[in-house]
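# Architecture and fold: a report
In case you want the letters, here they are:
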Amino acid sequence: GSALDRLPAATRERVRNHPCFSEDAHQHYARMHVAVAPACNIQCHYCNRKYDCANESRPGVVSELLEPQQAADKVAAVAAHIPQLSVVGIAGPGDPLANPERTFATFRLIAERTPDLRLCVSTNGLALPEAVDTLCRYNIEHVTITINCLDPDIGAEIYPWVFWNNRRVRGRKGAEILIEQQQLGLERLVERGMLVKVNSVLIPGVNDQHLTEVSRAVKAKGAFLHNLMPLIAEPEHGTFYGLMGQRAPRASELRALQTECAGDMAIMRHCKQCRADAVGMLGEDRSAEFTLERIATME
Ligand code: SF4
Ligand code: SF4
């Protein structure tokens, strides 16, 4: 059977309800992200926070930063209008776990107001190991970690610095800390039975030769799904990489890597690289219908 068939029934249920974790669910269930987390604790060369965390984002309109209460109001309004809504995630515009007060206040308010919704979060992983207990306590069911490398020399080309113990740690040393934290966070989540998806950004000439190893390693540690995403490198996006002339991968390169990594593990091929305030079925963005101004006038 498939990887899904081998899971315990309760876990299968959680997968089936999440449009990103199950290719099948994405036709039946909707998700939304609330943009409550502005700060980030690392710097990625591909990031442009004028838009959204490139953990899961494409250039577009800047998301409207919400206060936790506003986010819970918005979730309730969307749930009332989109009955397929099954999952609410926090994915940016910075790193949710670098904004723990705002992130967990939002999850608490959503759980009080709309208790049937499943909660998910995505993170770069730096602050993850210490957050695992809290994530479990708040009943977060799905976690996505963006892991682009295991090798700190490659990491140094992706991450100019991380903010660690109140100071900026640059280059290889910083990347090493990030990589350790990501792997430890992944292990702790799996121990606790959390469903973990790993996102990797394919950066030609930087980590393209390395991602099959990443895929094998995260699978061995128990990640449920690997989502290989293309780097968005356009000068209009304004990333360092865009400015330095780094190219994005071709569709054929992405497909080849996905096939190479597929093996036994579920590979996500239906990711839409949503904005940090996306609303609706995957591939559909109804965020413009649910701005603060609009929800204030809804029933
Ligand atoms: Fe930007 Fe996200 Fe990287 Fe932080 S983790 S620097 S928000 S892409
Ligand atoms: Fe799902 Fe990809 Fe959108 Fe995240 S960015 S909500 S994984 S489709």
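Above: the structure in question.
Residues numbered from 1 in each chain as written. Chains lettered and ligands numbered in written order. Predicted model: local features only at pLDDT ≥ 70, side-chain atom pairs only at ≥ 80, totals over all residues.

## Remarks on the packing of helix α4 (residues 128–137) against helix α6 (residues 171–191)
Using the following cut-off: Note on definitions: angles span 0 to 180 degrees between N-to-C directions of axes, and those axes are lines fitted to C-alpha atoms, for helices only across the stretch in contact. Numbering of helices and strands runs from the N terminus; a helix is a DSSP stretch of H or I covering at least four residues, while a strand is a stretch of E covering at least two. When describing relative orientation, an angle under 35 degrees is termed roughly parallel and one over 145 degrees roughly antiparallel, while 65 to 115 degrees is termed roughly perpendicular and anything else oblique. By convention the crossing between two helices is left-handed if the near helix lies anticlockwise of the far one by an angle smaller than a right angle, and right-handed if it lies clockwise. Whether two residues are in contact is decided by their C-beta atoms, placed from the backbone, lying within 7 Å.
Across the interface, α4 lies against α6 with an axial gap of 8 Å and an inter-helix angle of 25 degrees. Between α4 and α6, the interaxial angle falls into the category roughly parallel. Pair α4 / α6 crosses with right-handed handedness. Residues L128, P129 and V132 of α4 form the contact with α6, whose participating residues are Q181, Q182, L184, G185, R188 and L189.

## A short note on the sheet that holds strand β2 (residues 42–43)
The line we're drawing: Strands were regarded as paired on the criterion that DSSP finds at least two bridges between them.
As summarised here, the arrangement of the 3 strands in space is β2-β6-β7, forming an open sheet in which the pairing is antiparallel. Strands with a single pairing partner mark the edges of an open sheet, and in this sheet they are β2 and β7 (167–170). As paired elements, β2 and strand β6 (residues 161–164) share 2 bridges and run antiparallel to each other. Following the sheet pairing, Q43 is matched in β6 by W161. Its contacts with the sheet put α6 on β2, β6 and β7, and the angle it makes with β7 is roughly 105 degrees.

## Topic: unusual backbone geometry
Going by this rule: Residues are called buried when their C-beta atom has 20 or more other C-beta atoms within 10 Å, exposed when it has 12 or fewer, and partly exposed otherwise; all C-beta atoms are positioned from the backbone.
In this model, G92 is joined to P93 through a cis peptide bond whose omega is 10 degrees. Take P93: it is sitting in the loop between β3 (85–90) and α3 (100–113). In this structure, N165 takes a positive phi of about 50 degrees despite not being glycine. Within the fold, N165 resides in the loop between β6 and β7. Classification of N165 by C-beta neighbours within 10 Å gives exposed; the count is 6.

## Notes on the environment of Y138
Along the chain, Y138 turns up in the loop between α4 and β5 (140–146). Aside from chain neighbours lying at most four places away, what touches Y138 is F104, F107, R108 and L119.

## So, the pairing of strand β1 (residues 30–33)
Burial along β1 is two-sided: A30 and M32 and R31 and H33, pointing in opposite directions, are all buried. Where β1 meets β3, 4 bridges bridge the pair, whose relative direction is parallel. Bridging across to β3, R31 finds its partner in V87. Where β1 lies against strand β11 (residues 279–280), 2 bridges are found, and the strand directions are antiparallel. Of the residues in β11, the one forming a bridge with M32 is V279.

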